[in-house]
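Survey of secondary and tertiary structure
Letter by letter, the chains look like this.
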Amino acid sequence: DSLILEGWDLGGQPIFTALHHLYMTRYSLFCVLFDMRQLVPNAEERFPGAFPGVPVGVSPRKHALGVLRFWLNSIVAHTVGTEQDDELCAPFVLVGTHKDMVDSAQDHMEISTLLHETFGSHPAWPNLQRNRAQAGAQKNMMWFFPIDNLAGPRDPAFGALLAAVETAVRQEKYVNRRVPITWYELYDRLQAIL
């Protein structure tokens with residue numbers, strides 16, 4: 001019943017764009033991170049000087065949504081299902097960073113609404129793993145996980161994110177697929193070489 005997950009940071013920097021497709025497979029789950037500060041209303045006024053990578057004349061929101069669209073398109077293009085009954089693409093989660101600066105539940109819900117309005121019809125969207133965390137007595141379902149970078153695992157949203165990732169991976173057909181025992185022998189030999 002054990003499950004071992006291996007994480008790869010593809011890097012959001014443009015210099016890595018030429019290489020990311022080498023690591024994207026249908027046998028993955030993708031965590032697509034974005035800076036929540038870029039998606040709040042009046043981002044430039046609220047966080048002056050916080051967006052050095054955003055081109056001059058482009059709003060942080062427009063830039064962030066363009067980058068998110070690029071990654072969603074990449075997930076579909078590089079992880080399209082190979083079997084007839086396979087899902088269109090690999091599952092993914094959206095993770096908003098800088099919750100220490102964007103800590104308002106109202107901002108989180110506005111960002112969630114913006115994400116759904118912008119990408120709700122995208123082919124990858126049905127494979128998005130939603131944030132179904134409870135907030136008080138009210139169910140707080142969002143389209144992303146707001147994470148406090150500074151708190152790390154102490155942030156309750158971090159635990160909800162890990163649970164969603166584990167649940168999604170366990171539901172994948174390939175996790176429970178039987179493989180010939182000879183594959184394990186080959187795996188052991190390769191591990192001994194490394």
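Scroll up to find the structure this text is about.
In this text, all values refer to a predicted model and were calculated from it rather than measured experimentally.

**Looking at the sheet that holds strand β1 (residues 30–35)**
- With parallel pairing, the 3 strands of this open sheet are ordered in space as β1-β2-β5. With partners counted over all chains shown, the strands left at the sheet margins are β1 and β5 (145–146), one partner each.

**Observations regarding a nonpolar patch on the surface**
- Where nonpolar side chains cluster on the molecular surface, the patch consists of Trp8, Ile15, Phe16, Leu19, Leu22 and Tyr23 and spans about 700 Å² of accessible area.
- Within the secondary structure layout, Tyr23 lies in the segment before β1.

**Description of the packing of aromatic side chains**
- Taken as a whole, this structure holds 6 aromatic pairs when the rule is applied.
- With centroids separated by 5.0 Å and ring planes inclined at 90 degrees, the aromatic side chains of Tyr27 and Tyr174 adopt a geometry described as edge-to-face. In this pair, Tyr27 is assigned in the segment before β1 and Tyr174 in the loop between α4 (156–171) and α5 (181–193), connecting sequence segments 147 residues apart.
- What makes Tyr27 partly exposed here is its relative accessible area of 47%.

**Examining the state of the cysteines**
- Under the counting rule described, the total for this entry stands at 0 disulfides.
- Left without a disulfide partner, Cys31 is nearest to the cysteine sulfur of Cys89, which lies 14 Å away.
- By relative accessible area, which is 42% here, Cys31 ends up partly exposed.
- Since its relative accessible area comes to 0%, Cys89 is described here as buried.

The rules behind the values
Residues numbered from 1 in each chain as written. Predicted model: local features only at pLDDT ≥ 70, side-chain atom pairs only at ≥ 80, totals over all residues. Heavy atoms only, no water. Pairing = 2+ DSSP bridges. Helix = DSSP H or I, 4+ residues; strand = E, 2+ residues; numbered from the N terminus. Patch = residues over 30% accessible without salt bridge, like charges linked within 9 Å, V, L, I, M, F, W, Y side chains within 5 Å. Areas by Shrake-Rupley, 256 points an atom, 1.4 Å probe, with all protein chains shown as cover. Salt bridge = Lys/Arg side-chain N within 4 Å of Asp/Glu carboxyl O. Phe/Tyr/Trp six-rings, centres within 6.5 Å; stacked < 30°, edge-to-face > 60°. Buried < 20%, exposed > 50% of the residue type's maximum accessible area, 1.4 Å probe, protein only. Disulfide = S-S within 2.5 Å.

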